[in-house]
Amino acid sequence: GRNSDNLGPRFPDMSEPYNKEMIAAALAIAKKDNVTCHTGVYVAVNGPNLETRAEYRFLRTIGGDAVGMSTVPEVIVANHMALPVFAISVLTDEGFADSLQAVSLEEIIKTATDAEPKMTQILKELLLQLND
């Protein structure tokens, strides 16, 4: 479709899509609150399905550490609009191709639900810091 120039350039720069200061602040909050966090390369697929062994191997080969379906398109739109971007994810399924196990939607939802309070705390504290 047509680009809305008032929102940003047709082809936004994605060389550094995430705000380094926000990442550092969130990691410091997690450390202070004793929440285990890691940084890595988030890659995206269209979904709505979980990945095959071949897809996990490919995504790892191209440098991916974690895979999801929704974050990347949202990050592209935010960068298009020159908004600072921070993303946080819960890894609900270990995508190791050689030991891939069947996983149910219920297991994924439980894992995400269990992590939600810690993620919420990090985001609340990060927003308070940004508001200062």
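Note: the structure precedes this text.
Sequence positions are assigned chain by chain, starting from 1 and proceeding in written order. The model is predicted, so local features are restricted to residues of pLDDT at least 70 and side-chain atom pairs to those at 80 or more, both for listing and for counting; the totals for chains, interfaces and linings are taken over all residues. By convention in this description, side-chain values take in all heavy atoms of the structure and omit both hydrogens and water.

Trainee: Just give me the short version of the pattern of salt bridges, but keep the residues and values in it.
Mentor: A pairing counts as a salt bridge when a side-chain nitrogen of Lys or Arg comes within 4 Å of a carboxyl oxygen of Asp or Glu. Counting across every chain of the model gives 6 salt bridges. Here Lys20 and Glu16 are joined by a salt bridge, their closest N and O atoms 3.2 Å apart. When a residue's accessible area, from a 1.4 Å probe over protein chains only, is under 20% of the maximum for its type it is buried; when over 50% it is exposed; and in between it is partly exposed. With a relative accessible area of 54%, Lys20 lands in the exposed category. Among the residues examined, Glu16 registers a relative accessible area of 52% and is labelled exposed. For the salt bridge of Asp65 with Arg60, the shortest nitrogen-to-oxygen distance reads 3.6 Å. Each of Lys32, Asp33 and Glu125 takes part in one network of salt bridges that share partners.

Trainee: Tell me about helix H3 (residues 71-80), residues and numbers included.
Mentor: Here H3 has its buried residues at Thr71, Val75, Ala78, Asn79 and His80. By definition, residues are in contact when any of their heavy atoms lie within 4.5 Å. Runs of E in the DSSP output that reach at least two residues are strands. Runs of H or I that reach at least four are helices, and both are numbered from the N terminus. Against the buried residues of H3 lie strand S1 (42-44). Two residues or fewer past H3, Ala82 is found with a positive phi of approximately 60°.

Trainee: Run through a nonpolar patch on the surface, naming residues and quoting values.
Mentor: Taken together, the side chains of Leu7, Val77, Met81 and Leu83 make up a nonpolar region of the molecular surface, amounting to roughly 330 Å² of accessible area. Tracing the sequence through the fold places Met81 in the loop between H3 and helix H4 (105-131). A residue counts toward a patch only above 30% relative accessible area and without a salt bridge, and it is joined to like-charged neighbours within 9 Å or, for Val, Leu, Ile, Met, Phe, Trp and Tyr, to nonpolar neighbours within 5 Å. Computed with a 1.4 Å probe, the accessible areas rest on the Shrake-Rupley method; for each residue, only the protein chains presented here act as cover.

Trainee: An account of the nonpolar core is requested, with residue identities and associated values reported.
Mentor: Ala25, Ala26, Ile29, Ala30, Val35, Ile122 and Leu126 form the largest nonpolar core, which has 7 residues in total. Every element with two or more residues in this core is listed here: helix H1 (20-32) and H4. Broken down by element, this core gets its largest block of residues, 4 residues, from H1. Not counting residues within four places of it along the chain, the set of residues in contact with Ile122 comprises Ala26, Ile29, Ala30, Val35, Cys37 and Ile88. Joining through side-chain atoms within 4.5 Å is the link that ties buried Ala, Val, Leu, Ile, Met, Phe, Trp, Tyr and Cys residues into a set, and such a set is a nonpolar core.

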